[in-house]
Amino acid sequence: MTTEEIADIFERIARLLELKGENPFKVRAYTNAARALETLSEDLGKLVEEGRLEEVDGIGKAIAEKITTLVRTGRLEYYDKLRGEFPPEIFQLFELQGLGAKKIKVLYDQLGVGSLAKLERALDSGEVARLPGFGEKTAANIRKAIEQHKKSAGQFRIGDVTALAESLLDDLRSHPHVTYAQIAGSYRRKKEIVRDLDFIVATRKPAEVSGDFAGHPLVESVLARGDTKTSVILKSGIQCDLRVVTSAEYPFALNYFTGSKEHNVRMRSRALERGWSLNEYRFSAAEGRKLREPLPEVHSEQDIYRALGLDYIEPELREDRGELTAAENHELPALIEWQNLRGTFHNHTTASDGRASLEDMAAAAQELGMQYLGIADHSKSSFQANGLDERRLLDQVARIRELNAGFEGFRLFAGVECDIRKDGSLDFSDEILGQLDYVVASVHASFTLSEAEMTDRIIRAISNPHVTMLGHLTGRLLLSREPYKVNVPAVIDAAAAETGTIIELNANPRRLDMDWRWWPLAKEKGVKCAINPDAHSTSGLQDLIFGINAARKGWLTRHDVINTLPLGKIEKEIGKKRAKGGK
């Protein structure tokens with residue numbers, strides 16, 4: 001049983017205890033244990049073996065014993081018994097945006113609602129609206145959440161499937177009869193949402209490889225098993241398809257199943273111009289076409305593109321958004337790489353709603369090889385996130401200055417994630433903001449404004465010379481909350497021409513905001529990007545890789561992203577707007 005699976009069990013225990021009306025401190029103990037496991041940097045098995053679980057913050061003796069039992073046996077009687085007290089479908093209700101344990105408890109206790117189907121029937125009958133503390137507005141919001149949930153059924157955030165996808169890939173690559181293996185599809189193109197996982201494998205023994213894949217411990221059920229394709233459902237719920245080919249077919253299969261469909265159509269069209277047919281297995285002479293050029297030898301994907309008169313196109317760009325024309329004209333950008341990053345901004349600590357101290361976040365950043373880390377805890381209007389008031393913020397700034405005196409080759413930047421109020425004003429005065437190294441301005445409330453009002457609100461905020469960068473521009477939460485209405489091109493124009501504001505690419509895989517589709521326009525307008533993880537823990541810093549992937553999809557290079565600049569240069573970049581007075 002993996003650390004992630006055990007963390008999920010403790011999260012579920014906390015929810016079930018809330019439904020039972022248990023002591024809030026007991027509930028919090030299991031929630032804290034789940035958070036501790038999610039952010040664990042050491043190997044869980046080793047901690048159990050060495051009896052050091054209780055050294056982890058958030059894990060006491062009783063919790064440690066339960067974790068040990070799960071690690072060693074894969075079962076926990078306490079959880080099984082607790083789960084048996086409720087319908088198994090009740091966890092569906094926790095997936096609905098805005099529906100927490102308290103309301104679910106009322107629905108279950110008063111109406112016996114323990115599944116989405118029963119909830120919909122209770123909504124249709126009007127029983128939900130008549131419950132104390134609910135009403136018509138709450139019922140309407142629940143119905144809207146159900147519609148959103150249905151829309152996203154069968155879809156997965158890339159961050160939620162990366163660990164298991166890479167684990168499966170590692171196992172395939174280590175198989176004695178596998179020559180080559182890769183993940184294709186939307187996952188390889190680094191789309192923010194994926195529906196399934198496509199594995200391409202070259203082997204001389206397809207039956208053995210397919211059989212071992214179907215029997216993998218992560219597999220819940222086998223949907224189909226054939227000579228060239230095996231389809232399974234993993235325990236996480238996502239479908240995986242394994243396609244087995246020969247080594248000669250492998251480059252073609254990898255290219256074809258990576259997609260996108262539109263990209264493939266253009267590739268096949270270029271092949272036909274040469275009298276060739278291109279499919280998932282090979283180049284061949286096109287029926288009814290004159291063979292204008294000899295069929296090329298192909299040993300890699302690069303050879304396919306070269307044969308078609310193109311520079312190699314990175315998977316992230318294969319979305320039919322001008323990449324073939326750029327490849328033909330040798331105008332493809334040198335996309336940003338993980339190793340280009342020198343630091344990052346927009347990170348939280350225990351001062352607001354983070355789960356790691358200032359010192360721990362600094363240490364984690366240094367372990368990742370960063371030269372700097374920006375701290376941007378929430379401001380006072382985000383009371384639900386324990387936002388900082390003026391005194392606490394300035395105390396944190398003073399502590400950052402103290403810590404910086406002891407660093408060599410590393411620096412903490414003192415900032416804040418400042419709430420943009422409904423009217424576009426900021427949560428702190430210019431006098432306070434002027435004492436910080438930088439400011440991230442973000443919308444965290446009043447999401448229902450009209451597009452014009454929201455756009456004016458954001459533009460007013462970024463017009464302040466102290467606002468260095470705009471955080472998560474559209475406020476979306478992938479698969480759970482739609483973006484609020486905002487005129488993105490107008491904000492980009494304002495950031496570029498009028499205010500010189502940096503726009504964040506929020507790397508949290510639940511956000512990935514600003515969307516990659518807007519970055520080519522922002523780049524054209526001269527807007528700079530900051531790839532920020534919005535980290536609330538030390539492990540959250542590693543979400544930067546999802547930001548890198550999204551930046552690559554947006555055609556960004558290291559020159560477009562400010563946090564590729566080293567210490568000694570980044571200071572001038574984040575101070576540029578303030579130095580110009582926002583003009």
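Along each chain, residue indices are assigned from 1 in the same order as the chain's sequence is written. Side-chain atom pairs in this predicted model are given and counted only at pLDDT of 80 or more, local residue features only at pLDDT of at least 70, and totals for whole chains, interfaces and linings cover all residues. In computing side-chain properties, one takes all heavy atoms of the structure into account and sets aside hydrogens as well as water.

Draft legend 1. Up close: the overall build of the protein chain. Numbering of helices and strands runs from the N terminus; a helix is a DSSP stretch of H or I covering at least four residues, while a strand is a stretch of E covering at least two. Along its length, the protein chain carries 24 helices and 17 strands. Its C-alpha atoms give the protein chain a radius of gyration of 26 Å, within 12% of the compact-globule value 25 Å for 583 residues. Classification of residues uses two cut-offs on accessible area relative to the type maximum, computed with a 1.4 Å probe and protein chains only: under 20% is buried, over 50% is exposed, and between them is partly exposed. Counting over 583 residues, the protein chain shows a buried share of 52%. Considering only residue pairs separated by 6 or more positions, the protein chain has 66% of its internal contacts joining residues 24 or more positions apart. Only the protein chains shown count as cover for residues, with accessible areas throughout obtained via the Shrake-Rupley method and a probe of 1.4 Å. With the model as given, the accessible surface of the protein chain reaches about 26,900 Å², and the carbon-plus-sulfur share is 47%. Under the counting rule used here, the positive set is Lys and Arg, the negative set is Asp and Glu, and His together with the chain ends is not counted. To locate a charge, take NZ of a lysine, CZ of an arginine, CG of an aspartate or CD of a glutamate. On the protein chain, the mean spot of the 81 positive side-chain charges and the mean spot of the 88 negative ones are 3 Å from each other. For this measure, only C-alpha atoms enter the radius of gyration; the expected value for a globule follows 2.2 Å times N^0.38, where N is the number of residues. Only heavy atoms enter the contact rule, under which two residues are in contact if any of them lie within 4.5 Å.

Draft legend 2. Representation of the sheet that holds strand β6 (residues 229-234) in the model. A sheet is described by the order of its strands in space; here five strands give the open sequence β2-β4-β7-β6-β5, paired in mixed fashion. With partners counted over all chains shown, the strands left at the sheet margins are β2 (178-183) and β5 (219-225), one partner each. Across the sheet, the mean angle separating the axes of adjacent strands is 20° when strand polarity is ignored. The criterion for strand pairing is that DSSP finds at least two bridges linking the strands in question. Taken together, the five bridges between β2 and strand β4 (residues 196-203) define a ladder with antiparallel strand orientation. Note on β4: the bridge partner recorded for Ala 181 is Val 201. Along the sheet face, helix α10 (residues 158-173) touches β2, β4, β6 and β7 (239-245) and points at about 170° away from the line of β2. Where helix α13 (residues 250-258) meets the sheet, its contacts fall on β2, β4 and β7, and the angle it forms with β4 comes to roughly 175°. For helices, the fitted axis covers only the stretch in contact; all axes are lines through C-alpha atoms, and the angles between them, taken along N-to-C directions, range from 0 to 180 degrees.

Draft legend 3. Layout of the pairing of β6. Pairing of β5 with β6, which is carried by five bridges, proceeds in the antiparallel orientation. Paired with Ser 221 across the two strands is Ile 233, which belongs to β6. Examined bridge by bridge, β6 and β7 share five bridges and lie antiparallel to one another. Counterpart to Thr 230 in the pairing with β7 is Leu 242.

Draft legend 4. Structural detail: the environment of Val 467. Position of Val 467 relative to the elements: it lies in the loop between α20 (451-462) and β15 (469-470). With 29 residues separating them along the chain, Val 467 and Tyr 438 place their C-alpha atoms 7.1 Å apart. Residues contacting Val 467, with those up to four places away along its chain left out, are Leu 426, Val 439, Ala 441, Ala 461, Ile 462, Thr 501 and Lys 577.

Draft legend 5. Examining the sheet that holds β15 more closely. Strand order in the open sheet formed by five strands is β13-β14-β15-β16-β17, with parallel pairing between adjacent strands. On the outer flanks of this sheet lie β13 (417-419) and β17 (529-532), each paired with one strand and no other. Of the strand pairs in this sheet, strand β14 (residues 440-442) and β15 are connected by two bridges, and their pairing is parallel. Among the inter-strand pairings, Val 440 is bridged to a residue of β15, identified as Met 469. Packed onto the sheet, helix α23 (residues 544-553) meets β16 (502-506) and β17 and runs at close to 145° relative to β17.

Draft legend 6. Focus on the environment of Phe 447. Mapped onto the elements, Phe 447 comes out in the loop between β14 and α20. Taking the C-alpha atoms as reference points, Phe 447 and Val 71, 376 residues apart in sequence, are found 43 Å from one another.

Draft legend 7. Just unusual backbone geometry, in detail. A cis amide bond links Gly 259 with the next residue in sequence, Ser 260, at an omega value of 0°. By the element assignment, Ser 260 lies in the loop between α13 and α14 (261-273). A cis amide bond links Asp 513 to the next residue, Met 514, at an omega of 20°. Backbone geometry at His 346 places phi at a positive 60°, although glycine is not the residue there.

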